[in-house]
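Listed below, chain by chain, are the residues.
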Amino acid sequence: MRDEVDAHCARLYALHSSHLNCGEGCDKCCMDFGIFPVEYYSIIEQASKDLTKGQQQTSEMDCPFLVDHRCVIYAARPIICRTQGLPLLFMGEEGWELSACELNFNQFDFGEFHQENTFPQDRYNSRLYLINKEFIETLAGKPYQPTDLIPLRQLFQKYLKH
Ligand code: SF4
């Protein structure tokens, strides 16, 4: 599913390339996201060495894996991080909502957004929810509920050198 998200995002990045200013050094969308246990364990599996390269947060909202404006777990970063910068379509409290980075889409008519040129966040979130639900059932002692999210800082603290 992560590969599918990457491929979907790559198509949208190509489509919106003239508007996108995302690049190394811009970290405005990085924050201490909450992730499902299935992502938590998959990041540990893929990036356990890099997790020690994080740093203490300067504020509660900071992601500890953002060091000198770079993500030290970039290849293993959570799905939510992979979609940032793109126009995101999702169901909000009052119906469908669209979120687009104002650094990228300041010259864009929001009326031009439609199903084909936005990222369907809920479609992937639903799938991730179901994958996670199946995954947590396999964990000894069943320590998580299906809606539990783990903050990224907890991942860093687990690997903090003492
Ligand atoms: S994991 Fe990486 S991309 Fe995601 S918020 Fe942290 S620093 Fe940013």
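Predicted, not measured: the structure shown is a model, and the values here were computed from it.

### Concerning helix H5 (residues 152–159)
Link 1 in the chain: Residues of H5 that are buried: Leu-152, Arg-153, Leu-155 and Phe-156. An end-on view of H5 places all buried positions within 155° of arc, on one side of the element.
Link 2 in the chain: Against strand S1 (34–35), helix H2 (37–47) and strand S7 (150–151) lie the buried residues of H5.

### As for the site of the ligand
Link 1 in the chain: Near the ligand you find Cys-30, Met-31, Phe-33, Cys-63, Phe-65, Leu-66, Cys-71, Ile-73, Arg-77, Pro-78, Cys-81 and Leu-152, and these make up its full shell.
Link 2 in the chain: Grouping the amino acids of the shell around the ligand by side-chain chemistry returns eleven nonpolar, no polar and one charged.

### So, the nonpolar core
Link 1 in the chain: Counting 19 residues, the largest nonpolar core has Ile-43, Phe-65, Ile-73, Leu-152 and Leu-155 as its most contacted members.
Link 2 in the chain: Of all elements in the fold, only H2, helix H3 (79–82) and H5 reach the threshold of two or more residues within this core.
Link 3 in the chain: Examining the composition of this core, we find that four residues originate from one element, H2, more than from any other.
Link 4 in the chain: Membership of the second largest hydrophobic core comes to five residues, among which are Leu-86, Leu-88, Leu-89 and Phe-119.

### With respect to the sheet that holds strand S5 (residues 95–99)
Link 1 in the chain: The sheet built from three strands is open, its strands ordered S5-S4-S6 with mixed pairing. The open sheet has two edge strands with one neighbour each: S5 and strand S6 (119–120).
Link 2 in the chain: When strand S4 (residues 88–92) meets S5, the two strands line up antiparallel, connected through five bridges. Paired with Leu-89 across the two strands is Leu-98, which belongs to S5.

### Brief notes about unusual backbone geometry
Link 1 in the chain: Positive phi values are uncommon outside glycine, yet Asp-68 reaches one of about 50°.
Link 2 in the chain: Tracing the backbone through its elements, the reader meets Asp-68 in the loop between strand S2 (66–67) and strand S3 (70–71).

### Thoughts on the confidence of the model for the chain
Link 1 in the chain: Looking at the chain as a whole, its pLDDT mean stands at 94, while 99% of the residues score no less than 70.
Link 2 in the chain: Of all secondary-structure elements in the chain, the lowest mean pLDDT belongs to S5, at 91, while S1 reaches the highest, 98.

Calculation notes
- Residues numbered from 1 in each chain as written.
- Predicted model: local features only at pLDDT ≥ 70, side-chain atom pairs only at ≥ 80, totals over all residues.
- Buried ≥ 20, exposed ≤ 12 C-beta atoms within 10 Å, placed from the backbone.
- Helix = DSSP H or I, 4+ residues; strand = E, 2+ residues; numbered from the N terminus.
- Arc of directions from axis to C-beta.
- Contact = placed C-beta atoms within 7 Å.
- Near = placed C-beta within 6 Å.
- Nonpolar A, V, L, I, M, F, W, Y, C, P; charged D, E, K, R; others polar.
- Core = buried A, V, L, I, M, F, W, Y, C linked by C-beta atoms within 7 Å.
- Pairing = 2+ DSSP bridges.
- pLDDT = per-residue confidence, 0-100.

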